[in-house]
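# Understanding the architecture of this molecule
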Protein chains: 2
Amino acid sequence: MQYSYRQLAERISAEIERGHYRPGARLPSLRSVSEQHSVSISTALRCYRYLETRGVVEARAKSGMYVADRGRVDLRLPVTAVVARAPVAYDKLVSLQHRLTELYSLTEQDLPLALHLASAAPDWYPCAALAEIARRQLQRHPTRLGQYPTGTGWPALKQVLLKHLGDCGVDLQPAELLITNGSTEALSVALRAVAQAGETVIVESPVYFGLLQMLENLGLRALEIPCTVAGGLSLEALEYALEHHEGVRAMVVMPAFQNPLGSAMSDKNKKRLLRLAEQYDISVIEDDVFGDITPHQERPTPLKAWDRQGRVIYCGSCSKSVAPAYRLGWVAGGRHHSRIVSLKLSHSLVTPWFEQVVLAEFLQSGALYSHLRKLRERLAANIARAVTVVAHSFPRGSTLVSTAGGWWLWLELPPTIDCLALLRRAVAEGIAFTPGIVFSHTSKYAHCLRLNIARPWSAELERGIVRLGELAQQFV
Amino acid sequence: MQYSYRQLAERISAEIERGHYRPGARLPSLRSVSEQHSVSISTALRCYRYLETRGVVEARAKSGMYVADRGRVDLRLPVTAVVARAPVAYDKLVSLQHRLTELYSLTEQDLPLALHLASAAPDWYPCAALAEIARRQLQRHPTRLGQYPTGTGWPALKQVLLKHLGDCGVDLQPAELLITNGSTEALSVALRAVAQAGETVIVESPVYFGLLQMLENLGLRALEIPCTVAGGLSLEALEYALEHHEGVRAMVVMPAFQNPLGSAMSDKNKKRLLRLAEQYDISVIEDDVFGDITPHQERPTPLKAWDRQGRVIYCGSCSKSVAPAYRLGWVAGGRHHSRIVSLKLSHSLVTPWFEQVVLAEFLQSGALYSHLRKLRERLAANIARAVTVVAHSFPRGSTLVSTAGGWWLWLELPPTIDCLALLRRAVAEGIAFTPGIVFSHTSKYAHCLRLNIARPWSAELERGIVRLGELAQQFV
């Protein structure tokens, strides 16, 4: 009887499942399979290739085919490069916008486990302290609501931010800092200051989809440069790209911590990055919004600290670390600062005072440091728990990148799993995550996902992650 | 003895001052002057022309030269067109940015009479009521500060705004409205949605300088179309410009109330404007931020009410009418709405929730209507007082345009007065106003000024206006 390769593959799979071949065992050669099942060599080959893409078997060079060792999820420490693999067949013509539209429509309902967000749960923020300061301010200065704010930011806020930045190694004067409507506005005006429509801007890959949309809306072309989970932007790839592409004007980087990888760039590489930027005369926009969000008790030094030429445009925010609802960001534009101020003023005039006044008082009180210490302890504890749960629930062949910073885990599932399809299934059970496909114009990350774990640990959260792993198993 | 025309002019001026010729009296003919003073006819002519530009004499067609009747300031009702006159010699190369830089540096100190602002004094706003709502909200929902806001605006705010707009004749659905960081952001994304860098946008003249800066920063070219103080944008001039300029993509108009003229467009003209926009297929951005600010108890119907094609992009705000510190605006983008939403999201993500929640509760309470009634009564009383004071203090030959709306008076001083120079003198005495020169790329309005009168009437304010008039006299 002639088998098709799929029938043959099912048969061999069943034998593996029944223990006829143990994990790690050598499988029969192509010739043996051909003779044993009366199929052609080419059918045997297609069968093994099919099983390989499903993660059931693995080829070893010059040695033959083995049963895949799927005993545990590969808990990779951040040492390996994220390799481009695109077995999920996405139409190249399907734009990022379509993917995001589906993500938004899937997640617009209130979900019990909305693990697709890029912020922590309200419980993790100092809401009560901020509300108390706000109430006192309203009592003391009610007419402040009637005053048109002016200038580049509430002076007291700028002062305390400069102190905080100084503690991180970034020394600035008040005139060098501008308060914005969140770091998104900071990024937007920074990009408009350094690049004109039609020009090219380097971004990391994978990268926060909001940045890709912003570039598209500004008429800028994104050049995606691969990241390593160990060290963020690959400087080798960056240098190669700079050698081969003309007219690159700027790059946007997240040295700490890259969204969605959670990776951190070493100080040595930050200096190397700056030297490359000088050599090719391009501006560097540093997005530091996640810089304070780490399971370790110390934050990395921003790239800006090594900038002696005013080449780095530094963007920060309180939306991740202190108050998501505040939408306050800041930008230190270096040599582009006056242009950035002019663009910001003409886009949205000033940034509201009230939140600035409250945030300033919160920071002046020194409460930030105890808040961050608690936040980081909670994050570290949750990462440890989540890693264990993921390792026991997700399909064999998954890779979990334990995070250096950020609110989430980044998971690479077996390459045949379409995480957007997985999301559709998961949302039906009240669980959302961010599918990797939205973090690039390519389909490289279609089998990846970003999973937010920044909320009080609960049986519900644990069950949710386990269930997500079970659903993923169905897609293997 | 041969006189130069300037010496001759001084002599004739002195004779007028001494009462040798009374206001309104006919002056000697050119031939008589020529014979009497032994000058050539052409010197006599230059002399009279010089006196005419100084407002000392006036020519009457086919009748000769008369002593100007400067007995009182011309209290023009809004019926005459603002005519281009540019006797103040500004270097054409001096850009708007330089003028504004000087304005900002002159007014950055705290001045007792900062009458250059475009908002009312804090006392005129419902600060206490808003602060009370805010305090209650903070007590009730402290963790709301920890939540990342999402979507196109706080649903309850959108709902009550739609009701308010419906009362004005503008019927919209929630999906057609987007909340922005002030109307400035609304304008900015509207412009980006309808015009590309290098294209031309029609604006009113004189016009709010922030709009001119915004266009420049977006790489758009401004085509300034004259306004009449009676009816805002001159439709005759608009039609002429549309006939003669190719590639106009959009126009920005303030039918109620034009900043800085304070003029209102008639309903008939709004409909005519829409027909012209259809005929030439251009988008109309309606800036309605001052629509509620009028000394009359009824506000005009927005242009948007007559829009059946989704051609009008409507921009509103609470910064002028309710809470200057809130920086909340909204935009109904018609056929461009989805593009506008996308641009806004990618520029600054969402608009902060907290102020939206407070404003929604304030509007739901119905307090807006009693607030506006009181505001308008105060404005009407102040306009009446200020008009009297100006009429008695400012130089003969000044024209005061009594305002249909807005927080200010618009004054045209005698054409030889440089209001930027006047501002330098006035600031030294603690009084600021907005010099006309910043309301155009041209120098047409160098002899004009905008004077804010929206604050509790006081002896200090009255003395300030009187003193400003005295200072202006020194520039005649």
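Quantities reported herein were computed from a predicted structural model and do not represent experimental measurements.

## Let's talk about the overall build of chain A
- Along its length, chain A carries 15 helices and 16 strands.
- For 476 residues, the compact-globule estimate of 2.2 N^0.38 gives 23 Å, and chain A sits close to it at 25 Å.
- Every one of the 476 residues in chain A was classed for burial, and the buried ones make up 60%.
- Sequence separation of at least 24 residues holds for 75% of the intrachain contacts in chain A that already meet a minimum separation of 6.
- Carbon and sulfur atoms provide 51% of the accessible area of chain A, an area that totals close to 19000 Å².

## Some points on the relation of the copies chain A and chain B
- If you rotate chain A by 179° and push it 0.2 Å along the axis, it lands on chain B with an RMSD of 0.8 Å. Interpreted geometrically, this transformation is the action of a two-fold axis. No C-alpha of chain A approaches the rotation axis more nearly than that of R135 of chain A, which lies at 2.5 Å.
- Taken together, the interface assignments show that 100% of the residues at the interface of chain A recur at the interface of chain B, consistent with an identical surface on both copies.

## Focus on the pattern of salt bridges
Residue and element names in this part refer to chain A.
- For the coordinates displayed, the defined rule picks out 34 salt bridges over all chains.
- Between R249 and E199 there is a salt bridge, with the nearest N and O atoms lying 2.8 Å from each other. Taken together, the positions of R249 in strand β8 (residues 248–253) and E199 in the loop between α7 (182–194) and β5 (200–205) put the pair 50 residues apart, joining distant regions of the chain.
- R249 gets classed as partly exposed once you look at its relative accessible area, which sits at 38%.
- Where R467 meets E429, a salt bridge forms, and the shortest distance between an N and an O atom there is 2.6 Å. Pair noted here: R467 is in helix α15 (residues 459–475) and E429 is in the loop between α14 (419–428) and β14 (431–432), with a separation of 38 residues, a long-range link.
- Note on R467: relative accessible area 25%, which makes it partly exposed.
- Looking at E429, the relative accessible area reads 34%, which means it is partly exposed.

## Topic: the environment of R272 of chain B
All names here are of chain B.
- As for its position among the elements, R272 is in helix α10 (residues 267–279).
- Taking relative accessible area as the criterion, R272 reaches 26% and is therefore assigned partly exposed.
- In this structure the C-alpha to C-alpha distance between R272 and L235, which are 37 residues apart in sequence, comes to 7.9 Å.
- Contacts of R272, omitting those with residues within four sequence positions, involve L235 and E236.

## Looking at helix α5 (residues 127–140) of chain A
- Here α5 of chain A is 14 residues long and its end C-alpha atoms lie 20 Å apart, about the 20 Å a rise of 1.5 Å per residue gives.
- Buried within α5 of chain A we find C127, L130, A131, I133, A134, R135, Q137 and L138 of chain A.
- Packing partners of the buried residues in α5 of chain A comprise α12 (353–364) of chain A together with α5 (127–140) of chain B.

## Topic: the packing of aromatic side chains
Residue and element names in this part refer to chain B.
- All told, the structure shown has 16 aromatic pairs over all chains when counted by the stated rule.
- For the pair Y208 and F209, a centre-to-centre distance of 5.1 Å together with 50° between the ring planes defines the contact as tilted.
- Looking at Y208, the relative accessible area reads 23%, which means it is partly exposed.
- For the ring pair F290 and W408, a centre distance of 4.9 Å and an interplane angle of 90° mean the geometry is edge-to-face. Residue F290 is located in the loop between β9 (283–287) and β10 (312–317), and its partner W408 is located in strand β13 (residues 408–412); the two are separated by 118 residues in the primary sequence.

## Re the interface of chain A and chain B
- Contact with chain A, which involves 50 residues of that partner, is made by 50 residues of chain B.
- At the junction of chain A with chain B, the criterion picks out zero salt bridges.
- On the surface where chain A and chain B come into contact, there are 15 residue pairs in polar contact (both at pLDDT 80 or more).
- Going through the elements one at a time, α5, α7, α8 (209–217), α11 (337–348) and α12 of chain A are the ones with two or more residues in the side of chain A that touches chain B.
- A per-class count over the side of chain A that touches chain B returns 27 nonpolar, 15 polar and eight charged.

## Quick word on the sheet that holds strand β16 (residues 448–452) of chain B
Residues and elements named next belong to chain B.
- Read across the sheet, four strands follow the order β12-β13-β16-β15 without closing on themselves; strand pairing throughout is antiparallel. On the outer flanks of this sheet lie β12 (399–401) and β15 (434–435), each paired with one strand and no other.
- Pairing of β12 with β13 involves three bridges; the strand directions are antiparallel. When the bridges of β13 are listed, V401 appears paired with W410.

## Focus: the packing of helix α13 (residues 367–393) of chain B against helix α15 (residues 459–474) of chain B
Residue and element names in this part refer to chain B.
- Orientation of α13 relative to α15, taken along the N-to-C sense of each, is 30°, at an axis distance of 9 Å. In terms of axis orientation, α13 runs roughly parallel to α15. Between α13 and α15 lies a crossing whose hand is right-handed. Note on element contacts: α15 touches α13 through E462, I465, V466, G469, E470 and Q473, opposite A386, V389, V390 and S393.
- Split into classes, the residues belonging to the contact of α13 with α15 amount to five nonpolar, three polar and two charged.

## Concerning helix α2 (residues 30–37) of chain B
Residue and element names in this part refer to chain B.
- Residues of α2 that are buried: V33, S34 and H37. Across the axial projection of α2, the buried residues extend over an arc of 100°, all falling on one side. Exposed side of α2, more than 90 degrees from the buried face: R31, E35 and Q36 are the residues found there.

## Quick notes on the side chain of K270 of chain A
- Examined against the element boundaries, K270 of chain A turns out to sit in helix α10 (residues 267–279).
- Those residues within four positions of K270 of chain A in sequence are excluded, and the remaining contacts are P255, M265, P300, T301, L303 and W306 of chain A.

## Remarks on the sheet that holds strand β7 (residues 232–233) of chain A
Residue and element names in this part refer to chain A.
- The eight strands are arranged β4-β11-β10-β9-β8-β5-β6-β7 in an open sheet whose pairing can be described as mixed. On the outer flanks of this sheet lie β4 (178–180) and β7, each paired with one strand and no other.
- In the sheet, β4 pairs with strand β11 (residues 329–332) via three bridges, with the strands oriented antiparallel. Bridge assignment links L178 to a residue of β11, and that residue is V331.

## What to know about the state of the cysteines
Residues and elements named next belong to chain A.
- Overall, the coordinates contain zero disulfides over all chains when judged by the stated rule.
- Here C168 stays unpaired: no disulfide links it, and the sulfur of C318, its closest cysteine neighbor, is 15 Å away.
- Taking relative accessible area as the criterion, C168 reaches 13% and is therefore assigned buried.
- Unpaired in this structure, C419 has its nearest cysteine sulfur neighbour in C448, at a distance of 6.8 Å.
- Residue classification places C419 among the buried positions, given a relative accessible area of 0%.

## Some details on the packing of helix α4 (residues 96–107) of chain A against α8 of chain A
Residue and element names in this part refer to chain A.
- Running from amino to carboxyl end, α4 crosses α8 at an angle of 135°, the nearest separation of the two axes being 11 Å. Looking at the two axes, α4 sits oblique to α8. The way α4 lies across α8 gives a crossing that is left-handed. Along the contact surface, α4 presents L96, Q97, L100 and Y104, while α8 presents F209, L212 and Q213.
- Along the lines of polarity and charge, the residues of the contact of α4 with α8 split into five nonpolar, two polar and no charged.

## Some points on the confidence of the model for chain A
Residue and element names in this part refer to chain A.
- When pLDDT is averaged across chain A, the result is 88; 93% of the residues are at 70 or more.
- Per-residue pLDDT stays below 50 along residues 70–93; that stretch engages in 58 contacts with residues further than four places along the chain or on separate chains.
- Quick note on the complex model: pTM equals 0.77, ipTM equals 0.71.

## Here's the deal with the side chain of H164 of chain B
Residues and elements named next belong to chain B.
- By the element assignment, H164 lies in helix α6 (residues 155–167).
- Overall, H164 belongs to the buried group, its relative accessible area being 14%.
- Ignoring anything within four residues of it in the chain, the contact list for H164 reads D292, L368 and Y369.

## Structural notes on the nonpolar core
- Judged by nonpolar contacts, the single largest core of 255 residues is most densely connected at L157, L191 and W407 of chain A together with L157, L191 and W407 of chain B.
- Not counting the four nearest positions on each side in its chain, L191 of chain B is found in contact with V201, L211, M214, L215, L218, L220, V252 and I285 of chain B.
- Listed in part, the 21 residues of the second largest apolar core include L233, V248, A277 and V284 of chain A.

What counts, and where the lines are drawn
- Residues numbered from 1 in each chain as written.
- Chains lettered and ligands numbered in written order.
- Predicted model: local features only at pLDDT ≥ 70, side-chain atom pairs only at ≥ 80, totals over all residues.
- Heavy atoms only, no water.
- Helix = DSSP H or I, 4+ residues; strand = E, 2+ residues; numbered from the N terminus.
- Rg over C-alpha atoms; globule rule 2.2 N^0.38 Å.
- Buried < 20%, exposed > 50% of the residue type's maximum accessible area, 1.4 Å probe, protein only.
- Contact = heavy atoms within 4.5 Å.
- Areas by Shrake-Rupley, 256 points an atom, 1.4 Å probe, with all protein chains shown as cover.
- Least-squares fit on C-alpha atoms with pLDDT ≥ 70 in both.
- Salt bridge = Lys/Arg side-chain N within 4 Å of Asp/Glu carboxyl O.
- Expected span 1.5 Å × (residues − 1).
- Phe/Tyr/Trp six-rings, centres within 6.5 Å; stacked < 30°, edge-to-face > 60°.
- Polar contact = N/O pair within 3.5 Å; in protein donor to acceptor, adjacent residues only side chain to side chain.
- Nonpolar A, V, L, I, M, F, W, Y, C, P; charged D, E, K, R; others polar.
- Pairing = 2+ DSSP bridges.
- Axes fitted to C-alpha atoms, helices over the stretch in contact; angles between N-to-C directions.
- Parallel < 35°, antiparallel > 145°, perpendicular 65-115°, else oblique.
- Left-handed = near helix turned anticlockwise from the far one by under 90°.
- Arc of directions from axis to C-beta.
- Disulfide = S-S within 2.5 Å.
- pLDDT = per-residue confidence, 0-100.
- Core = buried A, V, L, I, M, F, W, Y, C linked by side-chain atoms within 4.5 Å.

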